[in-house]
Amino acid sequence: MTDSIGVFGLGLIGQALAHRLLQAGHSVAGFDPNPDRMADLEQAGGLPAQEADIWASKTVLAAVFDTDQLLSVIRSAPAGSDVTLVATSTCDPDRMLELEEEAARYGIRLLEAPLSGTSKDLANGNAVFLVGGSESLADANTWLFSLLGRAHYYVGGLGNGNRAKLAINLVLGLNRAALAEGLVFAKALGLQPNDFLELARNSAAYSAVMETKGPLMTARDFKPLGRITQSAKDFKLIRTLAGNAEQGLPFAETYSAMVDDCIAEGEGDIDNSAILLAIERVKFQGD
């Protein structure tokens, strides 16, 4: 298995990473506690493996949910591992140095590379990676980022990759919400959502979310490409970091409240374009 690339976490992003690697001719060993995801990897041509076996690879990717899960991945490694671990998850940037120190105890070289884009973008080679950590280590893994995405940017020391990712996710989330609110408003005025979306695409209000999320919203197709629960996790981090910097983010507060409403309605595991549903539930309060 030493010639394989290992993947921890076989959810939407992990499966897309595995598929990109397999398509490029690499062998992939993956682990996920969900047996159905392990079966999906095997069907795609990858090798389901146990945690200890993943560490036999020289390059390992982690596509887990949050910072605590990434720490658990690190602690599953045997002592004396000689591995580069590339963390693609969106994590708490203020904890990344702590994780780097923990990884070093196991012989692991930690690099962060959270990605901007949906799992579909990643599968199609259109994701962008925001790389933080040792510059020499980042340079040594240029081949990997070039294989997986359309672009990658080195943004400085460990933690900066996730700082950049969270700032991007703030803008992206608000763009999704703005589009959803515009569609809800247009429908309330009697316009057809598909017609309005086409107009908006060709207007000064254009944003890329009109291409990626607009059709999902108008079709009310909320099969997950990026889940509501992930948005909730990211915006909790955004608000915490903003609080630490004593910076208010009024739109982020509103967005977080709408995401919480989706989760309360049992919509946490559907696509984040379902922010539309939370907006539809808002009743006019008057002046």
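Below or above, wherever it landed, is the structure these notes cover. Since the structure is predicted, the reported quantities are computational estimates derived from the model, not experimental observations. (Residues numbered from 1 in each chain as written. Predicted model: local features only at pLDDT ≥ 70, side-chain atom pairs only at ≥ 80, totals over all residues. Heavy atoms only, no water.)

## A few points about the overall build of the protein
Logical step 1: Each helix and strand in the protein was counted, giving 15 helices and nine strands.
Logical step 2: The C-alpha radius of gyration computed for the protein amounts to 20 Å, which stays within 12% of the reference 19 Å derived for 287 residues, consistent with globular compactness.
Logical step 3: Projected onto its principal axes, the C-alpha coordinates of the protein cover approximately 65 × 45 × 35 Å.
Logical step 4: Here the protein holds 287 residues, and 49% of them are scored as buried.
Logical step 5: Of the contacts formed within the protein by residues at least 6 apart in sequence, a portion of 67% connects residues at least 24 apart.
Logical step 6: As presented, the protein carries roughly 13,500 Å² of accessible surface, and 52% of it is formed by carbon and sulfur atoms.
Logical step 7: Mean positive and mean negative side-chain charge positions of the protein (23 and 36 charges, respectively) differ by 2 Å. (Helix = DSSP H or I, 4+ residues; strand = E, 2+ residues; numbered from the N terminus. Rg over C-alpha atoms; globule rule 2.2 N^0.38 Å. Buried < 20%, exposed > 50% of the residue type's maximum accessible area, 1.4 Å probe, protein only. Contact = heavy atoms within 4.5 Å. Areas by Shrake-Rupley, 256 points an atom, 1.4 Å probe, with all protein chains shown as cover. Lys, Arg positive; Asp, Glu negative; His and termini not counted. Charge placed at Lys NZ, Arg CZ, Asp CG, Glu CD.)

## Observations concerning the nonpolar core
Logical step 1: One finds L21, W55, L61, L70, L85 and F129 to be the most contacted residues of the largest nonpolar core, which totals 53 residues.
Logical step 2: Among the elements that line this core, the one with the most residues is helix α1 (residues 12-23), at six residues.
Logical step 3: Contacts of L85, omitting those with residues within four sequence positions, involve W55, V60, L61, A62, L70, I74, I108, R109, L110 and L111.
Logical step 4: Counting residues in hydrophobic clusters, the runner-up holds 28 residues, among them A180, I228, L276 and I279. (Core = buried A, V, L, I, M, F, W, Y, C linked by side-chain atoms within 4.5 Å.)

## Focus on the sheet that holds strand β6 (residues 108-112)
Logical step 1: Across the sheet, six strands lie side by side as β3-β2-β1-β4-β5-β6; this open sheet has parallel pairing. The sheet is open, and its two borders are formed by β3 (47-48) and β6, each paired with just one other strand.
Logical step 2: Strand direction decides the pairing type here: strand β2 (residues 28-31) and β3, joined by two bridges, are parallel. Bridge pairing in β3 links G30 to P48. (Pairing = 2+ DSSP bridges.)

## Some words on the pairing of strand β4 (residues 59-62)
Logical step 1: Burial of β4 is two-sided: the residues T59 and L61 facing one way and the residues V60 and A62 facing the other way are all buried.
Logical step 2: Relative to strand β5 (residues 83-87), β4 runs parallel, the two sharing four bridges. Note that in β5 the partner of L61 across the bridge is V86.
Logical step 3: In this region the chain leaves β4, passes through helix α4 (residues 67-75) and returns to the parallel neighbour β5; the handedness of that crossover is right-handed. (Right-handed = clockwise from strand over helix to strand, strands pointing away.)

## Concerning α1
Logical step 1: Here α1 is twelve residues long and its end C-alpha atoms lie 17 Å apart, about the 16 Å a rise of 1.5 Å per residue gives.
Logical step 2: Within α1, nine of the twelve residues are buried, which leaves it mostly tucked inside the rest of the structure.
Logical step 3: The positive-phi residue at the C-terminal boundary of α1 is G25, with phi of around 95°. (Expected span 1.5 Å × (residues − 1).)

## Section: the pattern of salt bridges
Logical step 1: According to the stated counting rule, one finds 16 salt bridges in the structure shown.
Logical step 2: The partner of E280 in a salt bridge is R220, and the shortest N-O contact between them spans 2.9 Å. Here the residue E280 occupies a position in helix α15 (residues 275-280), and R220 occupies one in the loop between α12 (214-219) and α13 (228-244), the gap between them amounting to 60 residues.
Logical step 3: Under the relative-accessibility criterion, E280 is labelled partly exposed at 30%.
Logical step 4: Look at R220 and you get partly exposed, because its relative accessible area is 41%.
Logical step 5: Residue R281 is joined to E267 by a salt bridge in which the shortest nitrogen-to-oxygen separation is 2.9 Å. Taken together, the positions of R281 in the segment after α15 and E267 in the loop between α14 (250-264) and α15 put the pair 14 residues apart, joining distant regions of the chain.
Logical step 6: Note on R281: relative accessible area 30%, which makes it partly exposed.
Logical step 7: One network of salt bridges, with partners in common, ties together K58, D82 and R109. (Salt bridge = Lys/Arg side-chain N within 4 Å of Asp/Glu carboxyl O.)

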